[in-house]
Amino acid sequence: LLTDAEAQTRARAIHLLYECDDLKLVPAFIEILAGDEDANARAEAALALGKYIQLGELEEIPAATQRQVEDALLEKANSEDGAFVRRSALEALGFSSRPEVAVLIKSTFQREDPDWQASALFAMGRSSDDRWEEQVLSKLMSANPRVQLAAVEAAGELGLASAGIILLKLLEDEGSSDIASAAIWSLSQIGGEDARVYIASLLALAEDDDQVAFLEDALDNLAFTDDLSRFDIMSIAPGEEE
């Protein structure tokens, strides 16, 4: 279906392959990214390629394959293609530790366009790099819902403890339900007793089954985060260096 005559079918086929990490898909996705006539298919191909960069950073695929993917995405991000396709390429590049990617994220974040800012924040969240702490914190109270949501999610992905108080304030303000859900999950990724008490209090008041299930998952994830944090501390014996 990746070569189907219908553009919508091609795009949907790529989307359905998001979780597949078979390396034989890399050339096909790169070809679609570079030359498919449909912007949605090109954007889907960009997003699908992101996981191969993540696998490369984890040294689970050949370095040459990772670099091939990064080069294709960097070329697309810096091309004259439509903004949606280029933003998708940027978001996929978020996993990359290459210096030029950090430069691209920084310059994109400085744009006034909120869509570009949101994509830059999304990429920051994928980077596992706390260099972006200041930028993420600065957008947690953004008046633009898309930018704010991206910042909230990035704070959780990066595990920014400094964002905890702001995220709790967002929940107290009773704003957008999407923002609230993202804030709860980000708190579960950051961890800490304050987050546990607050999420537990929400669970005690929840009546909707879906909300109860979500809050229970958040508490489970928070417990995992805290356990992982304690393990990391205990794994370094006194006097040893990382």
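Remember, predicted model here, so these are calculated numbers, not experimental data.

A. The arrangement of the packing of aromatic side chains in detail. All told, the structure shown has one aromatic pair when counted by the stated rule. The interplanar angle of 35 degrees and the centroid separation of 6.1 Å between the aromatic rings of Trp185 and Phe214 together place this pair among those described as tilted. Within this pair, whereas Trp185 is found in helix α11 (residues 177-190), its partner Phe214 is found in helix α13 (residues 209-234), the two being separated by 29 residues in sequence. The class of Trp185 is partly exposed, set by a relative accessible area of 29%. Classification of Phe214 by relative accessible area gives partly exposed; the value is 22%. For the cation-ring pair, Arg111 lies above Trp116, with the distance from its terminal atom to the ring centre recorded as 4.1 Å.

B. The arrangement of the packing of helix α10 (residues 164-172) against α11 in detail. Orientation of α10 relative to α11, taken along the N-to-C sense of each, is 150 degrees, at an axis distance of 9 Å. As summarised for this structure, α10 and α11 are arranged roughly antiparallel, according to the angle between their axes. Considering how the two elements wind past one another, α10 and α11 form a crossing that is left-handed. Seen from α10, the contacting residues are Gly164, Leu167, Leu168, Leu170 and Leu171; seen from α11, they are Ile179, Ala180, Ala183, Ile184, Ser186, Leu187 and Ile190. Along the lines of polarity and charge, the residues of the contact of α10 with α11 split into ten nonpolar, two polar and no charged.

C. Structural view of α11. The end-to-end C-alpha separation of α11 is 20 Å, in line with the 20 Å expected for 14 residues at 1.5 Å each. Taken together, the buried positions of α11 are Ile179, Ala182, Ala183, Ile184, Ser186, Leu187, Ser188, Gln189 and Ile190. Positive phi shows up at Gly191, right after α11, with a value of about 85 degrees.

D. The arrangement of the nonpolar core in detail. Within the largest apolar cluster, 68 residues are counted, with the highest numbers of intra-cluster contacts made by Tyr52, Leu73, Val136 and Leu167. Ranked by residues supplied to this core, first place goes to helix α3 (residues 39-57) with eight residues. Excluding residues within four positions of it along the chain, Val136 makes contact with Leu121, Met124, Ala151, Ala154, Ala155, Leu158 and Leu160.

E. Geometry of the side chain of Asp81. Tracing the backbone through its elements, the reader meets Asp81 in the loop between α4 (63-77) and α5 (83-93). For Asp81, a relative accessible area of 13% translates into the label buried. Engagement of the side chain of Asp81 in a polar contact is seen with the side chain of Lys76, the distance being 2.9 Å. Discounting residues that sit within four places of it in the chain, Asp81 has contacts with Arg42, Lys76 and Arg86.

F. Structural context of the pattern of salt bridges. With the rule as written, the count across this model stands at ten salt bridges. A salt bridge links Arg42 to Asp81; its shortest N-O distance comes to 2.9 Å. Of this pair, Arg42 sits in helix α3 while Asp81 sits in the loop between α4 and α5; the two residues are 39 residues apart in sequence, bridging distant segments of the chain. Of the charged contacts, one joins Lys76 and Asp81 as a salt bridge, the two residues approaching to 2.9 Å between their closest N and O atoms. Summarising the burial analysis for this pair, Lys76 and Asp81 share the class buried. Linked through salt bridges whose partners overlap, the residues forming this network are Glu70, Asp71, Arg98 and Glu100.

G. Region of the structure containing α4. With 15 residues, α4 ought to run about 21 Å at 1.5 Å a step, and its terminal C-alpha atoms sit 21 Å apart, in line with that. The inward-facing, buried residues of α4 abut α2 (25-35), α3, α5 and α6 (99-109).

H. Region of interest: the environment of Ala45. Mapped onto the elements, Ala45 comes out in helix α3. Separated by 47 residues in sequence, Ala45 and Ala92 place their C-alpha atoms 9.7 Å apart. Aside from chain neighbours lying at most four places away, what touches Ala45 is Ile14, Phe29, Ile32 and Leu33.

I. Local environment of the environment of Ile184. By the secondary structure assignment, Ile184 is in helix α11. Those residues within four positions of Ile184 in sequence are excluded, and the remaining contacts are Leu171, Ile199, Leu202, Phe214, Leu215 and Ala218.

J. Just a negative patch on the surface, in detail. Taken together, Glu207, Asp208, Asp209 and Asp210 make up a surface patch of like negative charges. In this fold, Glu207 is placed in the loop between α12 (193-205) and α13. Taking relative accessible area as the criterion, Glu207 reaches 74% and is therefore assigned exposed.

What counts, and where the lines are drawn
Residues numbered from 1 in each chain as written. Predicted model: local features only at pLDDT ≥ 70, side-chain atom pairs only at ≥ 80, totals over all residues. Heavy atoms only, no water. Phe/Tyr/Trp six-rings, centres within 6.5 Å; stacked < 30°, edge-to-face > 60°. Helix = DSSP H or I, 4+ residues; strand = E, 2+ residues; numbered from the N terminus. Buried < 20%, exposed > 50% of the residue type's maximum accessible area, 1.4 Å probe, protein only. Lys NZ or Arg CZ within 6 Å of the ring centre and 35° of its normal. Axes fitted to C-alpha atoms, helices over the stretch in contact; angles between N-to-C directions. Parallel < 35°, antiparallel > 145°, perpendicular 65-115°, else oblique. Left-handed = near helix turned anticlockwise from the far one by under 90°. Contact = heavy atoms within 4.5 Å. Nonpolar A, V, L, I, M, F, W, Y, C, P; charged D, E, K, R; others polar. Expected span 1.5 Å × (residues − 1). Core = buried A, V, L, I, M, F, W, Y, C linked by side-chain atoms within 4.5 Å. Polar contact = N/O pair within 3.5 Å; in protein donor to acceptor, adjacent residues only side chain to side chain. Salt bridge = Lys/Arg side-chain N within 4 Å of Asp/Glu carboxyl O. Patch = residues over 30% accessible without salt bridge, like charges linked within 9 Å, V, L, I, M, F, W, Y side chains within 5 Å. Areas by Shrake-Rupley, 256 points an atom, 1.4 Å probe, with all protein chains shown as cover. Lys, Arg positive; Asp, Glu negative; His and termini not counted. Charge placed at Lys NZ, Arg CZ, Asp CG, Glu CD.

By themselves, these figures tell us nothing about what the structure is for.
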